[in-house]
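Commentary on secondary and tertiary structure
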Amino acid sequence: DTGVSQDPRHKITKRGQNVTFRCDPISEHNRLYWYRQTLGQGPEFLTYFQNEAQLEKSRLLSDRFSAERPKGSFSTLEIQRTEQGDSAMYLCASSLKRRSSGNTIYFGEGSWLTVV
Amino acid sequence: QQPVQSPQAVILREGEDAVINCSSSKALYSVHWYRQKHGEAPVFLMILLKGGEQKGHDKISASFNEKKQQSSLYLTASQLSYSGTYFCGTERAESSGDKLTFGTGTRLAVRP
């Protein structure tokens, strides 16, 4: 059983550069989420997809952030013109909601971004 | 909107018990509990769906009081492997919108 996988696991970039993260969810899961986590804080919701439709975006998600899930399978999160405040762990998660058992969300290992 | 967790940190000796609380100011549809070790992703522990529901997983169990919008995680006979940060994630009732809002976490350290 393959879990949620994310790539790259670590990225160091210079301020102003663009970065892109990829997420491959658990294969039968139709929901895919992006969260951001900084040290000492809980994961913070960014956006989520049901299949290929982006259903909700956090107000925290500035115009520099864009996420896609073109065929309802893998997803990408791009950050343009990175700033030092973007340094964080970017977590992808997926789920398959069932009426009987709820919406259990499984996280990937995360992609660490350091902006220097 | 962020759920409030208490305590912020706990130090236990192996074999001792602990309770971690999570409360919300909004009506909840479900509460999810995760454990995260340093530098790793959160790992799912359990989901509670109904008011008054209780669940158990090995020596870790949880309750969900829908009326009070509170959940508690019970760790009994703690083991060294229980160390980490515990997060509750809440799903609000009015949207059942599927996203989770996480608390700030409770750091648990279990010492030999």
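**Quick word on the layout of surface pockets**
Space inside the second largest pocket adds up to approximately 530 Å³. Residue lining of the second largest pocket: 24 residues in total, with Q37, T38, L39, G40 and Q41 of chain A positioned closest to the centre. Those elements giving two or more residues to the lining of the second largest pocket turn out to be β9 (88–95) and β11 (111–115) of chain A together with β9 (84–92) and β11 (106–111) of chain B. Of the residues in the lining of the second largest pocket, the class split is six nonpolar, 15 polar and three charged.

**As for the sheet that holds strand β3 (residues 19–24) of chain A**
All names here are of chain A. Within the open sheet, the four strands sit side by side as β1-β3-β8-β7. Their pairing is antiparallel. Two strands close off the open sheet at either side, each with one partner strand: β1 (5–7) and β7 (65–68). Across this sheet, the average inter-strand angle for adjacent strands is 15 degrees, counted without regard to direction. Note: β3 against strand β8 (residues 75–79), five bridges, orientation antiparallel. By the bridge assignment for β8, V19 is matched with I79.

**Some details on the packing of aromatic side chains**
All chains considered together, the criterion is met by 13 aromatic pairs over all chains. Note on F65 of chain A and Y90 of chain A: the rings are 6.4 Å apart at their centroids and 40 degrees apart in plane angle, and the pair reads as tilted. A residue pair is termed long-range when its members are at least 10 positions apart, and F65 of chain A in strand β7 and Y90 of chain A in strand β9 qualify at 25 residues. The residues F65 of chain A and Y90 of chain A share a single accessibility class, namely buried. A centroid spacing of 5.8 Å and a plane angle of 65 degrees characterise the contact between Y106 of chain A and F44 of chain B, whose relative ring orientation is edge-to-face. Of this pair, Y106 of chain A sits in strand β10 (residues 105–107) while F44 of chain B sits in strand β5 (residues 43–48), each in a different chain. These aromatic residues form a ring-pair network of at least three members: Y33, Y35, F45, Y48, Y106 and F107 of chain A together with Y34, F44 and F102 of chain B.

**A look at unusual backbone geometry**
Of note, the amide linkage connecting D7 of chain A to P8 of chain A takes the cis form, showing an omega dihedral of -5 degrees. Take P8 of chain A: it is sitting in the loop between β1 and β2 (10–13). With an omega of -10 degrees, the peptide bond running from S6 of chain B to P7 of chain B counts as cis. Inspection of the secondary structure assignment puts P7 of chain B in the loop between β1 (4–6) and β2 (9–13). Although it is not a glycine, R81 of chain A sits at a positive phi angle of roughly 45 degrees. Position of R81 of chain A among the secondary structure elements: in the loop between β8 and β9.

**Observations regarding the pairing of β9 of chain A**
Residues and elements named next belong to chain A. The buried fraction of β9 is high, at eight of eight residues. The two faces of β9 match: A88, Y90, C92 and S94 on one face and M89, L91, A93 and S95 on the other face are all buried. The sheet contact formed by strand β4 (residues 31–37) and β9 spans seven bridges and is antiparallel. When the sheet's bridge partners are listed, R36 is paired in β9 with Y90. Here β9 pairs with β11 via three bridges, running antiparallel.

**A few points about the state of the cysteines**
All chains considered together, the criterion is met by two disulfides over all chains. Here C23 of chain A is linked by a disulfide to C92 of chain A, with a sulfur-sulfur distance of 1.9 Å. Judged by the sign of its S-S torsion, about -70 degrees, the bond between C23 of chain A and C92 of chain A is left-handed. Remark: C92 of chain A occurs in strand β9 and C23 of chain A occurs in strand β3; sequence separation between them is 69 residues. No difference in accessibility class separates C23 of chain A from C92 of chain A, as the two residues are buried. With a sulfur-sulfur separation of 2.1 Å, C22 of chain B is cross-linked through a disulfide to C88 of chain B.

The rules we used
Residues numbered from 1 in each chain as written. Chains lettered and ligands numbered in written order. Predicted model: local features only at pLDDT ≥ 70, side-chain atom pairs only at ≥ 80, totals over all residues. Heavy atoms only, no water. 1 Å grid on protein atoms, 1.4 Å probe; cavity = no way out; pocket = protein on both sides within 12 Å on 5 of 7 lines; lining within 4 Å. Points joined across faces, edges and corners; volume = space filled by probe spheres on them. Helix = DSSP H or I, 4+ residues; strand = E, 2+ residues; numbered from the N terminus. Nonpolar A, V, L, I, M, F, W, Y, C, P; charged D, E, K, R; others polar. Pairing = 2+ DSSP bridges. Axes fitted to C-alpha atoms, helices over the stretch in contact; angles between N-to-C directions. Phe/Tyr/Trp six-rings, centres within 6.5 Å; stacked < 30°, edge-to-face > 60°. Buried < 20%, exposed > 50% of the residue type's maximum accessible area, 1.4 Å probe, protein only. Disulfide = S-S within 2.5 Å.

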